[in-house]
Amino acid sequence: MSRFGTLFILAAFIIAVFTQMITSKEHVVQATSDSQEEYKFPKKVQAVIDKSCFGCHSAEGKSDKAKDKLRWDKMQDYDKAQLVKIMDDIIEVIEKKEMPPAKFLEKMPDAKPSDKEFEIL
């Protein structure tokens, strides 16, 4: 399968995951609009996000740079076109295994995703 085909399948899967948001987990994200809709990540995905991403890429994060780049807790605020762009960026970071950054992992080595966790994402 070509690289484009693989990326297309991965992007479709991730978009489906965000669209369905079918299983519960600790970080339930409630929409801030007038609708009271809640979005949930699948349990396995949420576990990796909690371990390796959410600490920096959420309101709880200390780095404004990380929060400006991506906010997992604000995904419900984006329209579908924005989500596709975000998913493309996430796919690229996942493929290159660029996150979490090495400097962060020096302080928090347990936050490093395993190969299996990268596959889950």
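Refer to the preceding data block for the structure.
Residues numbered from 1 in each chain as written. Predicted model: local features only at pLDDT ≥ 70, side-chain atom pairs only at ≥ 80, totals over all residues. Heavy atoms only, no water.

On to the overall build of the protein chain, then. Of the regular secondary structure elements, the protein chain holds 6 helices and 2 strands. In the protein chain, the order of α-helices and β-strands from amino to carboxyl end is α-β-β-α-α-α-α-α. For the protein chain, the residues scored as buried account for 34% of the 121 residues in total. If you take every contact in the protein chain between residues at least 6 apart in sequence, the share linking residues at least 24 apart comes to 43%. Accessible surface, the protein chain: about 8,300 Å² in total, of which carbon and sulfur atoms supply 56%. (Helix = DSSP H or I, 4+ residues; strand = E, 2+ residues; numbered from the N terminus. Buried < 20%, exposed > 50% of the residue type's maximum accessible area, 1.4 Å probe, protein only. Contact = heavy atoms within 4.5 Å. Areas by Shrake-Rupley, 256 points an atom, 1.4 Å probe, with all protein chains shown as cover.)

Now for the side chain of glutamine 46. Summarising the element assignment, glutamine 46 is placed in helix α2 (residues 43-52). Within the local environment of glutamine 46, its side chain forms a polar contact with the side chain of aspartate 50, the two groups lying 2.7 Å apart. (Polar contact = N/O pair within 3.5 Å; in protein donor to acceptor, adjacent residues only side chain to side chain.)

Here we come to the nonpolar core. The biggest cluster of nonpolar side chains holds 18 residues, and the ones touching the most others in it are Ile49, Trp72, Met75 and Ile90. Where this core is concerned, the elements lending two or more residues are α2 and α4 (80-96). (Core = buried A, V, L, I, M, F, W, Y, C linked by side-chain atoms within 4.5 Å.)

Attention now moves to the layout of surface pockets. Here the largest pocket defines a volume of roughly 980 Å³. Taken together, 38 residues make up the lining of the largest pocket; nearest its centre are Cys56, His57, Ala66, Met99 and Pro101. Breaking the lining of the largest pocket down by element, the ones donating at least two residues are α2, α3 (64-69), α4 and α5 (102-107). In terms of residue count, α4 provides more of the lining of the largest pocket than any other element does, 7 residues in total. A breakdown of the residues in the lining of the largest pocket according to their chemical character gives 20 nonpolar, 6 polar and 12 charged. (1 Å grid on protein atoms, 1.4 Å probe; cavity = no way out; pocket = protein on both sides within 12 Å on 5 of 7 lines; lining within 4 Å. Points joined across faces, edges and corners; volume = space filled by probe spheres on them. Nonpolar A, V, L, I, M, F, W, Y, C, P; charged D, E, K, R; others polar.)

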